[in-house]
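Structural features, examined
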Amino acid sequence: MADGVQELELQPGGTNGVINGVPTQKFKHYRWWFRVAVYIIFLISGQATATLLGRLYYDKGGNSKWISTFVQSAGFPILIPLLLFFQPTTTTSAASPPPTTTTLLLLYLFFGLILTGDNLMYSYGLQYLPVSTYSLLCATQLGFNAVFSFLFNSQKFTSLIINSLFLLTISATLLAVHSDSDNPSKISKAKYIIGFLCTLGASATYSLYLSFLQLSFQKVIKSENFRVVLELQIYPSFVATCGCVVGLFASGEWDMLKQEASDYEKGSVSYIMTLTWIAIAWQICSIGILGLIFEVSSLFSNVISTLGLPVVPVLAVVFFGDKMDGVKAISLILAIWGSGSYVYQHYLDDLKLKNDMKTRILVSANEASHNV
């Protein structure tokens, strides 16, 4: 699951069963790549859409930290109908029993509280920092995730993966340093420090969250179906949404939302629709993130997320009339190159697995012929 090995394992049984199982395993292999491609599309499209709409929200008069935190998790109800199409697995073994209900509840509560705090820190950072500084600090999550993946997920680093991390970090950094932003002098020193620490803390927390998710898939949940991906998105999002509602009322921002909606430049209807589609986009992005963690690894999920950073300026050219210059183009090329390097490493791993599988089949066939 973490590196596609499960999709290439040989079927148990005699020699005939192994040989006859090859087409099935090949079909599973292609299905695995198809699922990864779909999750990548979900992540990049959801992240880009949510970011662009979030920019629209702030540009047109939005100013609530808690509502911007709320919409990052409040779209989970749209995923609930999908649970009807993906039934829970019933196959269990004594060596790998399913987690208890108490364990799952504690897991959902833990991840939900992490999401609440992480999303709030990102909201503070976006409000108190220039866009360039905020983007630069967000790019550090790839480095944090590399460290946490090594510590908690036994991530192995090859030259291609290191090259990928380097190129993607340079791409995001180049874009962040070049991007237009507000004058930092307009921000008080105290707020600037708060925004800096919150964004850096959010990047580290989010990277730790991704590594813990992968660890949960491998050590706690131990189930290989899309339903567990949905459940691990829906239930923690419910906890995070409840936490945001408490924050909305405790901070007093709830009383200001009606005024904020009426003062929104495009009108109250546009205000509601903007927040609604931000919530939907973040859920699509989250499914992509969890799916990639489930199928590949948390580091790969973060690599694709970093690839999406230069995609936003390109879309901003189309939808917001931003200028597309050479620096943005180079940033996009570096991001594609870096992600391609990581994907190529997985391609090489798959080739090695296929060769190992063929070797095992030939050895099994030879042993069977000698026995005869």
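What counts and how
- Residues numbered from 1 in each chain as written.
- Predicted model: local features only at pLDDT ≥ 70, side-chain atom pairs only at ≥ 80, totals over all residues.
- Heavy atoms only, no water.
- Helix = DSSP H or I, 4+ residues; strand = E, 2+ residues; numbered from the N terminus.
- Contact = heavy atoms within 4.5 Å.
- Areas by Shrake-Rupley, 256 points an atom, 1.4 Å probe, with all protein chains shown as cover.
- Buried < 20%, exposed > 50% of the residue type's maximum accessible area, 1.4 Å probe, protein only.
- Polar contact = N/O pair within 3.5 Å; in protein donor to acceptor, adjacent residues only side chain to side chain.
- pLDDT = per-residue confidence, 0-100.
- Phe/Tyr/Trp six-rings, centres within 6.5 Å; stacked < 30°, edge-to-face > 60°.
- Salt bridge = Lys/Arg side-chain N within 4 Å of Asp/Glu carboxyl O.
- Axes fitted to C-alpha atoms, helices over the stretch in contact; angles between N-to-C directions.
- Parallel < 35°, antiparallel > 145°, perpendicular 65-115°, else oblique.
- Left-handed = near helix turned anticlockwise from the far one by under 90°.
- Nonpolar A, V, L, I, M, F, W, Y, C, P; charged D, E, K, R; others polar.
- Expected span 1.5 Å × (residues − 1).
- Bend = angle between axes of the 7 residues up to and from the residue.
- Core = buried A, V, L, I, M, F, W, Y, C linked by side-chain atoms within 4.5 Å.
- Patch = residues over 30% accessible without salt bridge, like charges linked within 9 Å, V, L, I, M, F, W, Y side chains within 5 Å.

**Focus: the overall build of the chain**
Looking only at helices and strands, one finds 13 helices and zero strands in the chain. Traced from its N-terminal end to its C-terminal end, the chain shows the element sequence α-α-α-α-α-α-α-α-α-α-α-α-α. A sequence separation of at least 24 residues applies to 87% of the contacts in the chain between residues at least 6 apart. Of the roughly 18,700 Å² of accessible surface on the chain, 67% is carried by carbon and sulfur atoms.

**Things to note about the side chain of Glu253**
With respect to the secondary-structure elements, Glu253 resides in the loop between helix H9 (226–251) and helix H10 (257–263). Using a relative accessible area of 9% as the deciding quantity, one classes Glu253 as buried. Polar contacts involving the side chain of Glu253 include one to the main-chain amide nitrogen of Lys65, which spans 3.5 Å.

**A word on the confidence of the model for the chain**
On average, the chain scores 77 in pLDDT, and the residues at 70 or more come to 77%. For the stretch residues 1–22, pLDDT sits under 50, and the model shows 46 contacts to residues farther than four places along the chain or on other chains.

**Quick look at the packing of aromatic side chains**
A complete count under the given rule lists ten aromatic pairs for this structure. Ring geometry for Tyr108 versus Tyr235: centroids 4.9 Å apart, planes at 45°, classification tilted. In this pair, Tyr108 is assigned in helix H4 (residues 101–128) and Tyr235 in helix H9, connecting sequence segments 127 residues apart. Taken together, a centroid distance of 5.5 Å and an interplanar angle of 50° make the contact between Phe110 and Phe111 tilted. On the accessibility criterion, Phe110 (38% relative accessible area) is partly exposed. Linked through ring pairs, Phe110, Phe111, Tyr206, Tyr209 and Phe212 together constitute an aromatic cluster.

**Quick notes on the pattern of salt bridges**
Counted under the stated rule, the structure contains three salt bridges. For Arg35, the salt bridge is made with Glu295, and the minimal N-O distance between the two is 2.8 Å. Linking Arg35 in helix H2 (residues 22–59) with Glu295 in helix H11 (residues 268–295), this pair joins segments that are 260 residues apart in sequence. Given the relative accessible area of 5%, Glu295 is considered buried. Note that Lys65 and Glu253 form a salt bridge whose closest N and O atoms lie 3.9 Å from each other. With a gap of 188 residues between them, Lys65 in helix H3 (residues 65–70) and Glu253 in the loop between H9 and H10 connect regions that are remote in the sequence. You'll find Lys65 and Glu253 in the same group, each marked buried.

**Things to note about the packing of H4 against helix H8 (residues 189–221)**
Where H4 meets H8, the closest approach of the two axes is 8 Å, and the angle between their N-to-C directions is 155°. On the basis of their axis angle, the class for H4 and H8 is roughly antiparallel. Remark: the crossing between H4 and H8 carries left-handed chirality. Here the contact of H4 with H8 is built from residues that sort into 19 nonpolar, eight polar and two charged.

**So, H9**
Between its first and last C-alpha, H9 extends 37 Å over 26 residues, near the 38 Å set by a 1.5 Å rise per residue. One or two positions beyond H9, positive phi appears at Gly252, with a value near 85°.

**Side note on the packing of H9 against H11**
Between H9 and H11, the least distance of the axes is 10 Å, while the angle of their chain directions is 130°. With respect to H11, the axis of H9 lies oblique. Pair H9 / H11 crosses with right-handed handedness. Here Phe226, Val228, Val229, Leu230, Leu232, Gln233 and Ser237 of H9 come into contact with H11, specifically with Gln283, Ser286, Ile287, Leu290, Gly291 and Phe294.

**What about H8?**
Within an α-helix, residues lying three or four positions from one another point in the same direction, as the helix has 3.6 residues per turn. Between its terminal C-alpha atoms H8 stretches 45 Å, which fits the 48 Å expected from 33 residues at 1.5 Å a residue. Leu215 marks the point of greatest bend in H8, at about 30°. Once H8 ends, the next one or two residues include Lys222, with phi positive near 50°.

**Some words on the nonpolar core**
Grouped together as the largest cluster of nonpolar side chains are 50 residues, with contacts concentrated most on Tyr209, Leu213, Phe217, Leu232, Leu292 and Phe300. By size, the runner-up hydrophobic cluster in this structure holds 16 residues, among which are Leu53, Leu56, Ile67 and Tyr264.

**Here we look at a nonpolar patch on the surface**
Side chains of Val147, Phe150, Leu151, Phe152, Phe157 and Ile162 sit close together on the surface and give an oily, nonpolar patch of about 570 Å² of accessible area. The element that contributes the greatest number of residues to the nonpolar patch is helix H6 (residues 141–152), accounting for four residues. Within the secondary structure, Phe152 sits in helix H6. The partly exposed category is assigned to Phe152, whose relative accessible area is 34%.

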